[in-house]
Structure formats: structure tokens, C-alpha cells
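A structural walkthrough
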Amino acid sequence: GQRGEGGKAWWLRGLLLGAVLMLVAMSLLVVFDVKRVGQEDEVHGSDMVEENWGEQLVADNLNTSSTNMQAWNISEAAKRIDSLQEILRKVSDLGDLSNTTSARYKALFWLAHHDLLRLSYETVPEEAVIQRYILVLLYFSTNGGSWAYNNLTRTFQECRATGCDCWRDTHIGWMERFGDKPYLSPEHHECEWEGISCYEGSNTVGAIIIVNNNLAGTIPPEIGSLKLQQLHLAHNHLSGTVPKTLETFRNNARGINLYANFLTGTIPDIFDSLPYLTHVGLALNQLSGTIPKSIGTHSSLRRFMVSFNGVLQWWLHRHNTQL
């Protein structure tokens, strides 16, 4: 009897041990399956990062988390890129617009994916699209992610009121407002961006005043397609040449101030095309060559500053003018 009871006890113990082992095995399977699913999710996640590299590229340039960006679906954005290229090729080279490493492509991509105004190209003039593009291009061409945002609004107020950091006797007239929203705010019109001002009663940009703000890079020649009265980009780290396309400001231009940068090359002979220009500031750069002869016959120009450059002095001596 004792042997039979002992056999039953061993049988029960074996049954319990088997049940425990089965539970342990099932637990291990669950853990393994969860880990496998997690690995699959991680792989899919990496695929998403690869697929959305463009959005991340723009977010990095904007110094903004991509989770805060509102990107459109890929097919819609692709259609917008095609439409934008047809318009923007009138001011920018199509090859640059297609080069994913260029500032022009980054500006195009921003307009297609992240511009919350979502301009309808069927209802707004092409000039409005081009204007917004050029201001976005200025950001990407001058390392906008590293801009200092050094009190742009205050600087513009002072410039408008007293000419401080611009010219003390420059008339910044015909301007209705200056922007106080962060530059490149996707939900605001560019007239509301800091450093930008528009003509009275219109959405046409008339002044860009971004002084001492750590702009580094080149001035995009497309800027000449704007109708600027004032261009003030002094005390930055701009390089390259003075764009010849500034001559297309034509009758609008009153002041061009690019002093205290790292501009090179010669001064373009553009002044006959700017009959109402009153002030030019190119001092403290690395310019060379001769001063254009058209300066001597310009009837409106009151101040032409080119000191501390490599510009030859013969014209100044000949006309009894001091740098």
C-alpha cells in the first residue's frame, strides 16, 4: 500500500514539474515573439527614416523637430514640386532645382512639403510664388539654421526710425509694416517675417534688413527679381561676389548696404540701371579692381562707401573724393 501511494506521489510530482516546464517554455516563446515583433518594427522604422530623409533634411536645416513639421503626402508633394519647378525655372537653373544638395532644391522642397500657406498656383500670380521662394532661398543660401536672430525686429525699428545700422539719412519710405514673426514661419506671409517689410497696401516685399545676424554663404542672384527699395545685409559673414542682378531693382532701389562682410571680386557696373539709388555701402569687404565710371555721373547717389577694400584709389583722387 505504501509503495502504491509513493508511486502516485511521484506521478503527481512529475505532472506538476511538466506543467511548470510547459509554462516556462510558453513564456520564453512569448518573449521571443515580442522581441521579434520589436525588431521588425525597428526595421520598418528605419525604412521610414530612409523614406522620409527629405523631411528630416529640411527639419534639420530649420533647426526644428520633424514631428512638428506638417508634411504632405508624397504624391501630392511630388505634384507640387513639378508645378513649382515650372514656375521657378524662370529665375533659377533647373539643374540646381533638381540637385538635392543645393540651397535651391531645399527651398523648393520647403515650399512643396512644409509651406502651410499652400499657395494655389491657379489663383495667385507667379510673382507671389517667386517672391516667397527667393526669401526661402536666402535662408538656405546663407546657412539659416545658424542665424543668430539678433533682435531683427528691434534692429528694423531702429533702422526705420533713425537709420541706425542702415543710414542716418536714408528714407525708408512707402513701407506699411515690418515683420515680427520668426523668419521662415510656414504659417505666415513673408511680409510678417522678421527683417522683411512690404510696400504700403500690398504684399510686395520692398525691404530686406537683416543686420548682424550671422548670415554665412552667398547672396543668391535671384534676389534681383524682387522689387526692393532697401537691401541691408551688413555685419554678417557673406562671401562670394556682389550680384550683378541687383541692377534689376531698377527704379525701386534707394539703398544697398553690404558692408562688413567677406565679399570678393569687383564692383559690378550696375548703377546706370538704378537711377534713384542714394546710398551704397560696400566698405570692409575684400573687393578689388576699379570703381565703375558710372558712379561719377550718377545724379542721385549721395553716399558711396568702399573704404577698407582693395579698390584702386585713382578715381577718388581724380574726382577729389575721399574714402
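One can find the structure itself at the top, above this paragraph.
Residues numbered from 1 in each chain as written. Predicted model: local features only at pLDDT ≥ 70, side-chain atom pairs only at ≥ 80, totals over all residues. Heavy atoms only, no water.

1. Structural notes on the pairing of strand β3 (residues 205-209)
As a general feature of sheets, a regular strand has side chains that alternate between the two faces. Counting buried positions along β3 yields five of five residues, so the element is predominantly enclosed. Taken together, the three bridges between strand β2 (residues 196-199) and β3 define a ladder with antiparallel strand orientation. The residue of β3 that forms the bridge with Ile-196 is Ile-208. In terms of strand pairing, β3 meets strand β5 (residues 230-232) through three bridges, oriented parallel. The residue bridging Ala-207 from the neighbouring strand is Gln-230, located in β5. (Buried < 20%, exposed > 50% of the residue type's maximum accessible area, 1.4 Å probe, protein only. Helix = DSSP H or I, 4+ residues; strand = E, 2+ residues; numbered from the N terminus. Pairing = 2+ DSSP bridges.)

2. Notes on the side chain of Ser-294
With respect to the secondary-structure elements, Ser-294 resides in the loop between β9 (288-289) and β10 (303-305). The residues contacting Ser-294, other than those within four sequence positions of it, are Asp-269, Phe-271 and Asp-272. (Contact = heavy atoms within 4.5 Å.)

3. Concerning the environment of Phe-304
Within the secondary structure, Phe-304 is located in strand β10. Separated by 25 residues in sequence, Phe-304 and His-279 have C-alpha atoms that sit 6.0 Å apart. Other than its neighbours up to four places away in sequence, Phe-304 contacts Ile-267, Phe-271, Val-280, Ile-291 and Ile-295.

4. Overview of the environment of Leu-238
Positionally, Leu-238 belongs in strand β6 (residues 237-239). Taking the C-alpha atoms as reference, Leu-238 lies 9.5 Å from Asn-285; in sequence the two are 47 residues apart. If we skip the residues at most four places from it in the chain, Leu-238 touches Thr-142, Leu-215, Gly-217, Ile-219, Leu-233, Asn-261, Phe-262 and Leu-263.

5. Digging into the state of the cysteines
Counted by the stated rule, this structure contains one disulfide. Covalent S-S linkage joins Cys-191 and Cys-198, the inter-sulfur distance amounting to 1.8 Å. Here Cys-191 and Cys-198 share a disulfide; its torsion about the S-S bond, -90°, makes the bridge left-handed. Across the pair, Cys-198 and Cys-191 agree in class, each one buried. (Disulfide = S-S within 2.5 Å.)

6. Notes on the packing of aromatic side chains
Enumeration according to the criterion identifies eight aromatic pairs in this entry. Centre to centre, the rings of Tyr-139 and Phe-140 are 5.3 Å apart; their planes meet at 85°, and the pair counts as edge-to-face. Taken as a pair, Tyr-139 and Phe-140 share a single burial class, namely buried. Taken together, a centroid distance of 6.2 Å and an interplanar angle of 10° make the contact between Tyr-139 and Tyr-183 stacked. Here the residue Tyr-139 occupies a position in helix α6 (residues 126-141), and Tyr-183 occupies one in the loop between β1 (175-178) and β2, the gap between them amounting to 44 residues. There is no split in this pair, since Tyr-139 and Tyr-183 are both buried. Cluster of aromatic residues (ring-pair linked, three or more members): Trp-110, Tyr-139, Phe-140, Trp-147, Tyr-183 and Trp-193. (Phe/Tyr/Trp six-rings, centres within 6.5 Å; stacked < 30°, edge-to-face > 60°.)

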